[in-house]
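Observations on the model geometry
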Amino acid sequence: MNRQDRELTAPRKLTNEETTRLRSLLRSELRFPPSAKDTHGGSGSSQVSIGSDDPLAQQAEEDAADLLDYTFAMIANGKDVGYVVEELKSMEMDICDGEAAERMGGCLAKYLREIGEGGGS
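What you are looking at is a predicted structure, and each value in this text was computed from that prediction instead of being measured.

1. Remarks on unusual backbone geometry
Look at E92: it is not a glycine, yet its phi comes out positive at around 50°. The topology assignment puts E92 in the loop between α5 (81–90) and α6 (98–116).

Here is the structure:
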C-alpha cells in the first residue's frame, strides 16, 4: 500500500448498501480457522457443517464482528486507512494478523477511492 492509499479517508458517510458491501469485502480478508470459514462458504474443498458448539468458530465469528464494528467506527470518525491498519495490527488477534490488516487496508483504500470517484457499490 502506498502513502497516498494510507492517507485516504471516507469522502462522506457511507450508505447502508456501501457499508454492507465493504463489510463483506473486509471480512473476506480475515483469517478464519478452516471450520469457521467453511460455515460461510469458504474455499475449502470439503464443506464442513459446524454447529454452534464449535468454540473456535464461535470465537472467530465474535472476533470478526468486533473487529469490523471497530473498523467502521474508525472510518466514521474520519481516521485514515493507515491509522486503521496500524490499529488493527496492534490488536494482535488471530483472525487479523499483520498480513490480514494490510490486506484489509488495501481493500479499504480501493473501496474508498471507488466511492470517492462516484463508483461505489
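2. Quick notes on the packing of helix α2 (residues 16–27) against helix α4 (residues 55–76)
Contact pair α2 / α4: the axes reach a minimum separation of 11 Å and the direction vectors enclose 130°. Considering the angle they form, α2 stands oblique to α4. In the packing of α2 onto α4, the handedness of the crossing is right-handed. Of α4, the residues touching α2 (which contributes T19, L22, R23, L26 and R27) are E61, A65, L68, D69, T71, F72 and I75. When the residues that make up the contact of α2 with α4 are grouped by side-chain class, the tally is six nonpolar, two polar and four charged.

3. A word on the side chain of D5
Mapping D5 onto the fold places it in helix α1 (residues 3–6). Among the polar contacts made by the side chain of D5, one reaches the side chain of R113 at a distance of 2.5 Å. Residue contacts for D5: discarding those within four places in its chain leaves V81, A109 and R113.

Conventions used here
Residues numbered from 1 in each chain as written. Predicted model: local features only at pLDDT ≥ 70, side-chain atom pairs only at ≥ 80, totals over all residues. Heavy atoms only, no water. Helix = DSSP H or I, 4+ residues; strand = E, 2+ residues; numbered from the N terminus. Axes fitted to C-alpha atoms, helices over the stretch in contact; angles between N-to-C directions. Parallel < 35°, antiparallel > 145°, perpendicular 65-115°, else oblique. Left-handed = near helix turned anticlockwise from the far one by under 90°. Contact = heavy atoms within 4.5 Å. Nonpolar A, V, L, I, M, F, W, Y, C, P; charged D, E, K, R; others polar. Polar contact = N/O pair within 3.5 Å; in protein donor to acceptor, adjacent residues only side chain to side chain.

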